[in-house]
Amino acid sequence: MKILILAFVFLPLASALANQVKSVVICENDQATISCPKNNTLFIKYGYYGRKSNLSCPSPNTKTTNCVAKGSLQKMKKLCGHKESCQLEAENSIYGDPCKGTPKYIYVEYICQKSDSTKPAAANSTTPSKPPTKETAVICENTNKIVSCPASTHIVINSAYYGRKNNKTCPSKNINTTNCQAFGSLRKIRKLCDLKQSCELEATDSIYGNPCNGTFKYINVVYECKSGPPPPPAGKKRNVIACENHNVHVTCPKGDVIYVLDGFYGRKNAKTCPSKVNHNITCAAHNSLEKIMQTCNYKNSCVLRPINLLYGDPCIGVYKYISMNYMCLPTPLGPFKKVACQPHTLDVSCPAGKKIDVVNGYYGRLNSHTCPSFHILTTKCYAFGSSQLLAFTCDGRQSCSIKASNRFFGNPCWGTQKYLQMHYYCV
């Protein structure tokens, strides 16, 4: 994903140029930040998401130059109006897809107006607090980084993923794809960082899984630093340890479910589950957090079985354990299951105040009774990466739409009518 920063230095000339109309084009799947000089705010005059010309973001796949996403101007005004700066993303998931198969772009015209905050304040008025600005952090694979906010503020994650979306971020010779994201990576990063003053993020397959073998990946996280104390957690944080070959039962009170914050199978210190053989080693089984979540998440009780047979052996000869941090929270809505037959659209939504939490899903065909058809040559096919694409499109949103189409997911079984299936909760 290309990231453009369009900023203007505050010079004496700025006031003379304040009402000059500026424009920017953002090609599909790219993003840009537009901003004004100090004490000026954005006023969106005109804009759209779609395509009206062959000259902007030229592509051989252009099928029409007469399409505009309905309501796209209103969304831009809501995102950017009366702010000193804002970030615009040219994504179907935000504006919808007004012309399928045609590469689109954002075109926006705006001016910088003098902010009301530059006027003298009235006698008993209070100065409105400056809205938080969005920050971006990038952590290349096999490195770590501390994300932090100033004192008396806390982190709020807007978007995040572990994978690869472009060639420029963390450049490498080992790039086989620029369209991969680890399933559930946004949820894991939010658990690590949301509502904290600082957090440490480590970009490794052992935490997030490997969404694209052979490709050098990275974490990309967009966040805000919000002032004031963070809201109190919904439940008390708890920890459970299960030493190797000793099962442990985890249970929440009636009406509550387990919500896994983080965890691993391996060893991080010498004190936990002490052994006669002391090893100064740190290890964690690949995908162990994902397996722990599958075992316990959203269940009233579960059994942790710390054995190599389930998790693999990340450090041979070392006595290991499962460590799981979790909370007992009120039961979420769900699980729900939604299906869209090819080529229809899967529309998913949660009630107000609830967000989609994707459990799993796929595009393909694993049985003959879902979306019955005369065109079924196999019931053993699904598109590689389709679960990750579902999570990328829907995780953390109140609603989402995605089409059951070969154009989005690829064609895992020629001649067979497929379907898109997703299991999710509203949390």
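Rules of the game
Residues numbered from 1 in each chain as written. Predicted model: local features only at pLDDT ≥ 70, side-chain atom pairs only at ≥ 80, totals over all residues. Heavy atoms only, no water. Helix = DSSP H or I, 4+ residues; strand = E, 2+ residues; numbered from the N terminus. Contact = heavy atoms within 4.5 Å. Buried < 20%, exposed > 50% of the residue type's maximum accessible area, 1.4 Å probe, protein only. Phe/Tyr/Trp six-rings, centres within 6.5 Å; stacked < 30°, edge-to-face > 60°. Lys NZ or Arg CZ within 6 Å of the ring centre and 35° of its normal. Disulfide = S-S within 2.5 Å. Pairing = 2+ DSSP bridges. pLDDT = per-residue confidence, 0-100.

Going by what an unreviewed UniProt entry lists, the chain is known as SUEL-type lectin domain-containing protein and is assigned to Clavelina lepadiformis.

1. A look at the side chain of Thr416
Of note, Thr416 is situated in the loop between α9 (406-409) and β25 (419-426). Each residue touching Thr416, except ones within four places of it in the same chain, is listed here: Gln342, Arg365, His375, Ile376, Leu377 and Thr378.

2. Examining unusual backbone geometry
Cis peptide bonds are those with omega within 30 degrees of zero, and the linkage from Gln342 to Pro343 qualifies with 10 degrees. Even without being glycine, Cys170 reaches a positive phi, approximately 45 degrees. Even without being a glycine, Asn287 presents a positive backbone phi close to 65 degrees. As for its placement among the helices and strands, Asn287 is situated in the loop between β17 (283-284) and α6 (288-296). Judged by relative accessible area, which is 23%, Asn287 ranks as partly exposed.

3. A short note on the packing of aromatic side chains
One pass over the full model with this rule turns up 14 aromatic pairs. Here the aromatic residues Tyr46, Tyr48, Tyr105 and Tyr107 are joined through ring pairs into a cluster of three or more. Lying across the ring of Tyr48, Lys52 places its NZ or CZ 4.8 Å from the centre. The cationic tip of Lys268 hangs over the ring face of Phe264; the distance from NZ or CZ to the ring centre is 4.2 Å.

4. A closer look at the state of the cysteines
On inspection of all chains with the given rule, the structure shows 16 disulfides. One disulfide bridge connects Cys67 with Cys99, the sulfur atoms lying 2.0 Å from each other. With Cys67 in strand β5 (residues 67-68) and Cys99 in the loop between α3 (92-95) and β7 (105-114), the pair connects residues that are 32 residues apart, well separated along the chain. Like Cys99, Cys67 is buried.

5. Concerning the sheet that holds strand β4 (residues 40-51)
Pairing in this open sheet of four strands is antiparallel, and the strands run β2-β7-β4-β5 from one edge to the other. The open sheet has two edge strands with one neighbour each: β2 (22-27) and β5. Pairing geometry for β4 and β7, over ten bridges, is antiparallel. Considered in β7, the bridge of Leu42 is made with Cys112.

6. Quick word on the confidence of the model for the chain
Per-residue confidence for the chain gives a mean pLDDT of 82; residues scoring 70 or more make up 89%. Mean pLDDT values for the elements of the chain range from 42 in helix α1 (residues 12-17) up to 94 in strand β18 (residues 301-304). Contacts for the low-pLDDT stretch residues 2-18, under 50 throughout, to residues beyond four places or in other chains number 25 contacts. In the model, residues 117-129 has pLDDT below 50 throughout and makes one contact with residues more than four positions away in sequence or in other chains.

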